[in-house]
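Spelled out, the chains give:
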Amino acid sequence: MRWVIRHPVSVAMLLISLTILSAWQLPGLKVYISPQALSIADSPAQQQHQESIDTFGSDSVIILYVRDDELFAPQRIEALRSAVKRIQDLRCVSHTRSLFDVPHLREVDEFIHNQPFLDKTPATPAEAEALVEAALASPFVRNNLLSDDGKVMAINIYIRPRVDELRFDERVTRSLDAVTRELEPMFDEVFHMGAPEVRRAISQTIWDEMLTIGPLSVGLLFLTLALVLRQFSGV
């Protein structure tokens, strides 16, 4: 203790050196936010969660929200069809659920047809109105993939199980942002929301706070040491 009091400059330089050496490990620091991280490894709760994923698929779903007064206009449907194809081609996407792939079961000339609701783009307002009416008759579509007024469509995007990859959520969000930006000029409102985006926002907030709290903590530490060493020096 006496050596520390007698050599405050050396102690300060030692602390600064240790801090700089520790900073070299910051690039390898990862902020991992998930339900699995909050449970004990190999616990019954984690096993049950994994079983539900194996049974029902990924628990990471992103919803692409699209609203427009003329949602079923041919040019808008074709733009959405192209966007859905781009999304399905993303490496991080497992599959999608929307009017473009949900089957429309119906009987025509004593034959059962199960093509998707938007297997073909409606060419006229009458065809679009008939399609909306048929879609809203399905409990799986009404208020799930299509609103009651037929002006809002949801495209459910299922993300593959998260891999141990740095900035995975950021990569997913940026890929979908690129698709959304292309759709924005054609629709009244379009955006996406889901777990990867929430996790990315939380991670970014943590990083931003660390950049503020870290220097303040170091400054407070040096201020405390200065006050303590000065007090002992005066004794």
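Look a little higher up for the structure.
Our subject in this report is the structure included herewith.

Definitions and cut-offs
- Residues numbered from 1 in each chain as written.
- Predicted model: local features only at pLDDT ≥ 70, side-chain atom pairs only at ≥ 80, totals over all residues.
- Heavy atoms only, no water.
- Helix = DSSP H or I, 4+ residues; strand = E, 2+ residues; numbered from the N terminus.
- Buried < 20%, exposed > 50% of the residue type's maximum accessible area, 1.4 Å probe, protein only.
- Contact = heavy atoms within 4.5 Å.
- Areas by Shrake-Rupley, 256 points an atom, 1.4 Å probe, with all protein chains shown as cover.
- Salt bridge = Lys/Arg side-chain N within 4 Å of Asp/Glu carboxyl O.
- Core = buried A, V, L, I, M, F, W, Y, C linked by side-chain atoms within 4.5 Å.
- Axes fitted to C-alpha atoms, helices over the stretch in contact; angles between N-to-C directions.
- Parallel < 35°, antiparallel > 145°, perpendicular 65-115°, else oblique.
- Nonpolar A, V, L, I, M, F, W, Y, C, P; charged D, E, K, R; others polar.

## Focus on the overall build of the chain
Stage number 1. Helix and strand counts for the chain stand at seven helices and six strands.
Stage number 2. If you list the helices and strands of the chain from N to C, you get α-α-α-β-α-β-β-β-α-β-α-β-α.
Stage number 3. Looking at the 235 residues of the chain, the share that counts as buried comes to 29%.
Stage number 4. The contacts in the chain between residues at least 6 apart in sequence include a share of 67% that link residues at least 24 apart.
Stage number 5. Of the accessible surface of the chain, which amounts to about 15700 Å², a share of 60% is contributed by carbon and sulfur atoms.

## So, the pattern of salt bridges
Stage number 1. Enumeration over the complete set of coordinates arrives at eight salt bridges.
Stage number 2. Linking Glu-78 and Arg-81 is a salt bridge whose minimum nitrogen-to-oxygen distance equals 3.5 Å. You can see Glu-78 and its partner Arg-81 sitting in helix α4 (residues 74–88), three residues apart, about one turn around the helix.
Stage number 3. Glu-78 sits in the partly exposed class, given a relative accessible area of 39%.
Stage number 4. Within the structure, one salt-bridge network assembled from shared partners comprises Asp-68, Glu-70 and Arg-76.

## Things to note about the nonpolar core
Stage number 1. With 38 residues, the main nonpolar core has Phe-72, Leu-80, Leu-99, Leu-146, Met-153, Ile-157 and Leu-183 as its most contacted residues.
Stage number 2. Those elements giving two or more residues to this core turn out to be β1 (61–67), α4, α5 (125–136), β5 (152–159) and α6 (168–183).
Stage number 3. The greatest single-element share of this core, amounting to six residues, is contributed by α4.
Stage number 4. In this view, Phe-72 contacts Ile-77, Leu-99, Leu-118, Pro-122, Ala-128, Leu-131, Val-132, Leu-146, Gly-150 and Met-153; residues no more than four positions away in its chain are not counted.

## Quick look at the packing of α4 against α6
Stage number 1. Remark: α4 packs on α6, axes separated minimally by 10 Å, with the N-to-C direction vectors making an angle of 170°. As summarised for this structure, α4 and α6 are arranged roughly antiparallel, according to the angle between their axes. Listed contacts from α6 to Ala-79, Leu-80, Ala-83, Arg-86 and Ile-87 of α4 are Leu-176, Ala-178, Val-179, Glu-182 and Leu-183.
Stage number 2. Partitioned by chemical class, the residues of the contact of α4 with α6 number eight nonpolar, no polar and two charged.

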